[in-house]
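Overview (structure and organization)
One-letter residues, chain by chain:
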Amino acid sequence: MTQHPTIIEMTIDGDFADPPPNAKPPFGARVMVWAAAIAAVAVAGAVMVFALWLLAFLIPVVLLAALVAYVAFRVQVWRGVASGNTYTLRWPPRR
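From N to C terminus, the protein includes one helix and zero strands. Taking all 95 residues of the protein together, 1% fall into the buried category. Of the roughly 9,600 Å² that the protein leaves accessible, carbon and sulfur atoms contribute 71%.

The next thing to look at is helix α1 (residues 27-82). Because an α-helix completes one turn every 3.6 residues, residues spaced three or four positions apart along the sequence face the same direction. Given a rise of 1.5 Å per residue, 56 residues ought to cover 82 Å, and the 82 Å separating the end C-alpha atoms of α1 matches this to within 8%. Along α1, the sharpest kink reaches roughly 25°, centred on Leu58 and followed within four residues by the proline Pro60. Once α1 ends, the next one or two residues include Gly84, with phi positive near 95°.

Bringing the packing of aromatic side chains into the picture now. Each pair of aromatic rings is reported with the distance of its centres and the angle of its planes. Taken as a whole, this structure holds two aromatic pairs when the rule is applied. A ring pair is formed by Trp53 and Phe57, whose centres lie 5.8 Å apart and whose planes are at 10°; its orientation type is stacked. Residue Trp53 and its partner Phe57 are located together in helix α1, separated by four residues, close to a single helical turn. For Trp53, a relative accessible area of 51% gives the class exposed. Through a chain of ring-to-ring contacts, three or more aromatic side chains come together here, namely Phe50, Trp53 and Phe57.

Cut-offs and rules
- Residues numbered from 1 in each chain as written.
- Predicted model: local features only at pLDDT ≥ 70, side-chain atom pairs only at ≥ 80, totals over all residues.
- Heavy atoms only, no water.
- Helix = DSSP H or I, 4+ residues; strand = E, 2+ residues; numbered from the N terminus.
- Buried < 20%, exposed > 50% of the residue type's maximum accessible area, 1.4 Å probe, protein only.
- Areas by Shrake-Rupley, 256 points an atom, 1.4 Å probe, with all protein chains shown as cover.
- Expected span 1.5 Å × (residues − 1).
- Bend = angle between axes of the 7 residues up to and from the residue.
- Phe/Tyr/Trp six-rings, centres within 6.5 Å; stacked < 30°, edge-to-face > 60°.

Written as structure tokens, this is what we have:
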């Protein structure tokens, strides 16, 4: 109980008194603001690196899937021609 109560300065009208000019926040508060800013930049950088890694990982997967789809399409066309179905692919189909 050695801590003194906080003193709130008020004017006679009941308003809060303005702080003295050139008042700086305490050193700990300034350090905390800078630490929060640095942490926010670090988190944004980590998210950016993860997004780039994910993109670099998915590009070969997408290319491989496109190659497999193309080969499957060509095999289906080849099977159709081999069985005597000679037709032209049209999109949209004729009615």
